[in-house]
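Okay, here's what each chain looks like letter by letter:
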Amino acid sequence: MGLRQILLLGDPALRRVAEEIHQIDDSVRALAEDMIQTMLEAPGVGLAAPQVGVPLRLITVDLDDIQGAIVNPRVVRASKEQEADLEACLSIPEVQGLVRRPSSVVVKGFDLEGRHLVIKAEGLAARCLQHEIDHLDGVLYLDRVSDPKVKVFHPVPANEGDEVVYESELVPVEEVRRRFEEQYAMRAPA
Ligand code: ZN
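Here goes a summary of the coordinates provided. (Residues numbered from 1 in each chain as written. Predicted model: local features only at pLDDT ≥ 70, side-chain atom pairs only at ≥ 80, totals over all residues. Heavy atoms only, no water.)

**What to know about the sheet that holds strand β8 (residues 149-156)**
Argument step 1. The 4 strands are arranged β4-β5-β8-β9 in an open sheet whose pairing can be described as antiparallel. The open sheet is flanked by β4 (82-89) and β9 (165-172), the only strands paired with a single partner. Ignoring strand direction, the axes of neighbouring strands in this sheet form an average angle of 25 degrees.
Argument step 2. As defined by bridge partners, β4 adjoins strand β5 (residues 92-102) across 7 bridges and the pair is classed as antiparallel. Bridge pairing links Glu-87 to Gly-97 in β5.
Argument step 3. On top of the sheet, helix α2 (residues 123-136) reaches β4 and β5; it is set at about 60 degrees to β4, its chief contact. (Pairing = 2+ DSSP bridges. Helix = DSSP H or I, 4+ residues; strand = E, 2+ residues; numbered from the N terminus. Axes fitted to C-alpha atoms, helices over the stretch in contact; angles between N-to-C directions. Contact = heavy atoms within 4.5 Å.)

**Describing helix α1 (residues 26-41)**
Argument step 1. Here α1 contains 16 residues, and its C-alpha end-to-end distance of 22 Å stays within 8% of the 22 Å for a straight helix at 1.5 Å per residue.
Argument step 2. Of the positions making up α1, those classed as buried are Val-28, Leu-31, Ala-32, Asp-34, Met-35, Thr-38 and Met-39. Viewed along the axis of α1, the buried residues span an arc of 165 degrees, placing them on a single side of the element. Structural note: α1 exposes Asp-26 and Glu-41 on the side pointing more than 90 degrees away from its buried face.
Argument step 3. Where α1 is buried, its residues meet β1 (46-48), β2 (58-62) and β3 (67-78). (Expected span 1.5 Å × (residues − 1). Buried < 20%, exposed > 50% of the residue type's maximum accessible area, 1.4 Å probe, protein only. Arc of directions from axis to C-beta.)

**A word on the coordination of the zinc ion**
Argument step 1. Donor atoms from the polypeptide that bind the zinc ion are Cys-89 (SG), His-131 (NE2) and His-135 (NE2), placed at 2.1 to 2.2 Å.
Argument step 2. The exposure class assigned to His-135 is buried, which follows from its relative accessible area of 1%. (Donors = N, O, S within 2.8 Å, 3.2 Å for Na, K, Ca; no water.)

Given below as structure tokens:
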């Protein structure tokens, strides 16, 4: 199929709890292939199937230590130690928020051939895996921000041909949600 459309905040499909994959077949592999293409094209370092409107427990990541798809991923161990860092999400474009999460995790799942995976991750990889697994439970990082305001980026008008420059403003999370919900209502068929 190729590139898939990434759903945006406000779309109720992002809030559903995704289902376990019981059989890793060609349709799952084709979906993973599409998700990897979509993620790289975006570009992003992670994508979860619900973000392309498929309610299955499948994520793809593009990290230094691990690239590709993980079927039925779950966090089996998380460090007590936590770290706060800025996160962004392909479903919430041009927004960044500070999220506190365990700084290292162990994730189990399966690859596309059905082999067991055990991934020990820290830093960005740990954060990315937790963020993507959250999507499978209908949770978005905005639900977890530790600061009531998040950064919203706007392109600054520039002369044609100039590199696009962004400036950011701090916006309350609730306001960001409201804006996306309004945009979704405008896009959705009546
Ligand atoms: Zn996301």
